[in-house]
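# Understanding the architecture of this molecule
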Amino acid sequence: MKKTLIALALTTLPVAAMAEVVLYGQMKAGYEVSSTKTSGETRGPYQNGIGDYGSRIGFKGSEDLGNGLKAIWQVESRIHLGNSNGGSDGWANRDSFLGLETKYGTVRAGRISNQMNANMDIVDAWEYNNEALGLGKFTRTDARYVGIAYDSPEWAGFSFNLLYSPRDNVNGGDRPAEYEAGIGTGEKYSLGLNYQNSGWFAKYGFDYLKNSAVKVDDDLTTDLKDGQVHRVEGGYDANNWFVGVGYQYTKNTTSYYRGLKEASVGSIGDHNLTLDNQGQEAALTVGYHFGNIFPKISYAHGWDVKINGDKQKNTKYDQVVLGADYDFSKRTTANVQAGWLREGNGEGLGKDKTTAVGVGLKHTF
């Protein structure tokens with residue numbers, strides 16, 4: 001990705017030190033059309049419009065402090081080319097941090113992506129706004145936490161990272177309200193493991209979320225439960241081939257099941273509680289580069305979820321996305337794709353079947 005470099009000379013020293021600031025970003029959007037049909041009902045109205053694919057702009061820089069020590073910083077913000085859809089607006093709403101880098105690794109503090117958001121999503125090789133046109137269900141556990149992180153250097157293709165978000169950053173600093181609501185503390189932990197060699201790659205992401213759910217027992221008493229996310233991705237990306245496969249297990253956190261997706265028992269700041277739940281899902285993407293053209297296909301499946309330990313019928317989903325990218329240059333790519341998403345609404349409530357088509361353009365700078 002081509003970047004614009006702005007050199008700032010600090011002339012207060014006898015020998016001028018140089019601080020480098022990099023302006024970078026992506027502008028990407030497209031036109032999407034979709035419609036949904038529920039079992040036993042007629043197809044709903046077609047929806048169409050311009051969708052933003054996650055456009056962003058950022059500034060980052062560094063300063064060499066000597067003896068192998070470097071100060072680093074980054075400020076990155078979302079740009080909405082379509083409707084914001086209630087998304088987070090404002091400055092520095094994406095990864096924004098300050099840190100120190102050494103040969104032994106990097107320490108950062110600020111708003112930082114967890115392992116899934118920073119280093120994974122490889123299996124979701126699509127640009128989209130409509131969930132049916134990409135693997136957004138599978139990658140919903142991507143997140144950013146306000147906290148402190150450590151990123152290791154790479155050793156023979158291996159690397160790891162750690163991220164800790166303190167309780168009062170999660171609850172917005174409102175510990176009294178959290179305490180009075182009886183929802184416990186909500187600190188978050190993230191671990192990432194990565195390996196790559198000769199086109200082969202393997203990645204593991206783990207999140208541990210304190211007091212993220214409530215379990216209702218048979219006597220109607222409630223217990224706070226901690227949440228977990230485990231995601232594994234692997235595959236091959238070389239010699240024109242791309243193959244990516246992923247598996248994810250979630251417990252007591254966000255779910256792909258429609259009945260739990262928006263369910264909230266209570267919240268203070270970013271500390272949200274949902275009902276006790278478990279889910280498993282898998283995804284596969286295969287593509288091949290023919291010169292500037294990259295056709296690809298994805299399939300994703302989520303099994304029936306469990307709520308309070310009981311399996312719920314008709315809560316699984318199946319999804320297929322088929323399309324291709326065309327590279328006009330290293331910085332500009334067009335995409336076209338079609339998606340089919342079938343998801344259960346719960347026992348006796350039928351299924352929603354969504355069909356969508358999209359075409360878009362991405363430019364990086």
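Refer to the structure presented above.
Since the structure is predicted, the reported quantities are computational estimates derived from the model, not experimental observations.

Rules behind the numbers
Residues numbered from 1 in each chain as written. Predicted model: local features only at pLDDT ≥ 70, side-chain atom pairs only at ≥ 80, totals over all residues. Heavy atoms only, no water. Pairing = 2+ DSSP bridges. Helix = DSSP H or I, 4+ residues; strand = E, 2+ residues; numbered from the N terminus. Salt bridge = Lys/Arg side-chain N within 4 Å of Asp/Glu carboxyl O. Phe/Tyr/Trp six-rings, centres within 6.5 Å; stacked < 30°, edge-to-face > 60°. Buried < 20%, exposed > 50% of the residue type's maximum accessible area, 1.4 Å probe, protein only. Core = buried A, V, L, I, M, F, W, Y, C linked by side-chain atoms within 4.5 Å. Contact = heavy atoms within 4.5 Å. Patch = residues over 30% accessible without salt bridge, like charges linked within 9 Å, V, L, I, M, F, W, Y side chains within 5 Å. Areas by Shrake-Rupley, 256 points an atom, 1.4 Å probe, with all protein chains shown as cover.

All right, on to the pairing of strand β7 (residues 105–113) then. Residues in a regular strand project their side chains so that they alternate between the two faces of the sheet. Alignment of strand β6 (residues 96–102) against β7, held across seven bridges, turns out to be antiparallel. Looking at β7, one finds that serine 96 is bridged to arginine 111. Hairpin connection of β6 to β7: two residues between the antiparallel strands.

Bringing the pattern of salt bridges into the picture now. Evaluated as defined, the whole model comprises 19 salt bridges. Salt bridges here are not isolated pairs; linked through shared partners, they connect Asp121, Asp142, Arg231 and Glu233.

Let us now look at the packing of aromatic side chains. Following the criterion strictly, the structure yields twelve aromatic pairs and no others. Ring geometry for tyrosine 150 against phenylalanine 160: centres 5.7 Å apart, planes inclined by 50°, an arrangement best described as tilted. Here tyrosine 150, found in strand β8 (residues 144–151), pairs with phenylalanine 160, found in strand β9 (residues 158–165); they are ten residues apart in sequence, far enough to count as distant. Overall, tyrosine 150 belongs to the partly exposed group, its relative accessible area being 22%. Ring geometry for phenylalanine 242 and phenylalanine 294: centres 6.4 Å apart, planes at 90°, overall edge-to-face. Here phenylalanine 242 is found in strand β13 (residues 241–251), whereas its partner phenylalanine 294 is found in strand β17 (residues 293–302), with 52 residues between them in sequence.

Turning next to the nonpolar core. Buried together is how nonpolar side chains tend to be arranged in soluble globular proteins. In this structure, Leu135, Phe138, Ala283 and Tyr317 are the most contacted members of the largest nonpolar core, which totals 18 residues. What alanine 283 contacts, discounting residues up to four positions off in sequence, is Val123, Leu135, Phe138, Gly244, Val245, Gly246, Tyr299 and Ala300. One finds Ile72, Tyr145, Leu163 and Leu209 within the second-largest nonpolar core, a separate group that totals eight residues.

Right, let's get into a nonpolar patch on the surface. Where nonpolar side chains cluster on the molecular surface, the patch consists of Phe290, Ile293, Tyr326, Phe328 and Leu361 and spans about 520 Å² of accessible area. Along the polypeptide, leucine 361 turns up in strand β22 (residues 351–364).

On to the environment of alanine 118, then. Here alanine 118 is to be found in helix α1 (residues 115–119). When the C-alpha atoms of alanine 118 and phenylalanine 160 are compared, they prove to be 12 Å apart, with 42 residues separating the residues in sequence.

Relative to the helices and strands, threonine 106 is located in strand β7. Of the residues examined, threonine 106 reaches a relative accessible area of 12% and is grouped as buried. In this structure threonine 106 touches Ile72, Leu100, Glu101, Ala149, Tyr150 and Asp151, once residues within four positions along its chain are discounted.

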